[in-house]
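Reading the structure
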Amino acid sequence: MAVLKIITGVDNKVLRACSAPVKKMDRKIKRLVADMIETMQAVDGLGIAAPQVGENLRIFIARLNFDT
């Protein structure tokens, strides 16, 4: 797993584009999800979406129990 670079900025095209749905849960998507979880935990975040790490897909991760 890897900590991914988080993309910011209002001028970033990936953050402004319509994201594609995930049609098949394959190894690449599972790796992306694992990397997103690791990235979110590394920055002590509450959630992260795939476009924030440069992937134009409809995937998001949310931490529901932040205090635990």
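What this report covers is the structure whose coordinates are included nearby.

Thresholds applied
Residues numbered from 1 in each chain as written. Predicted model: local features only at pLDDT ≥ 70, side-chain atom pairs only at ≥ 80, totals over all residues. Heavy atoms only, no water. Helix = DSSP H or I, 4+ residues; strand = E, 2+ residues; numbered from the N terminus. Rg over C-alpha atoms; globule rule 2.2 N^0.38 Å. Buried < 20%, exposed > 50% of the residue type's maximum accessible area, 1.4 Å probe, protein only. Contact = heavy atoms within 4.5 Å. Areas by Shrake-Rupley, 256 points an atom, 1.4 Å probe, with all protein chains shown as cover. Lys, Arg positive; Asp, Glu negative; His and termini not counted. Charge placed at Lys NZ, Arg CZ, Asp CG, Glu CD. Salt bridge = Lys/Arg side-chain N within 4 Å of Asp/Glu carboxyl O.

Glancing now at the overall build of the chain. Counting its regular elements, the chain contains two helices and two strands. Going residue by residue from the N terminus, the α and β elements of the chain occur as α-α-β-β. At 12 Å, the chain has a C-alpha radius of gyration in line with the 11 Å of a compact globule built from 68 residues. Dimensions of the chain, computed from C-alpha atoms along their principal axes, come out at roughly 35 × 30 × 20 Å. Scored against the burial criterion, the 68 residues of the chain give a buried share of 25%. At a minimum sequence separation of 6, the contacts of the chain that also span at least 24 residues come to 59%. Summing over all exposed atoms, the chain offers an accessible surface of approximately 5100 Å²; the carbon and sulfur share of this is 55%. For the chain, the distance from the average site of its 11 positive side-chain charges to the average site of its 7 negative ones is 10 Å.

What follows covers the pattern of salt bridges. Enumeration over the complete set of coordinates arrives at one salt bridge. Put simply, R63 and D44 hold a salt bridge, and the shortest N to O gap is 3.6 Å. Here R63, found in the segment after strand 2 (60-62), pairs with D44, found in the loop between helix 2 (27-42) and strand 1 (47-49); they are 19 residues apart in sequence, far enough to count as distant. The class of R63 is partly exposed, set by a relative accessible area of 22%.

With respect to the helices, strands and loops of the structure, S19 is situated in the loop between helix 1 (13-16) and helix 2. The exposure class assigned to S19 is buried, which follows from its relative accessible area of 14%. Beyond its immediate chain neighbours, meaning those up to four positions away, S19 contacts P51, N56, L57 and R58.

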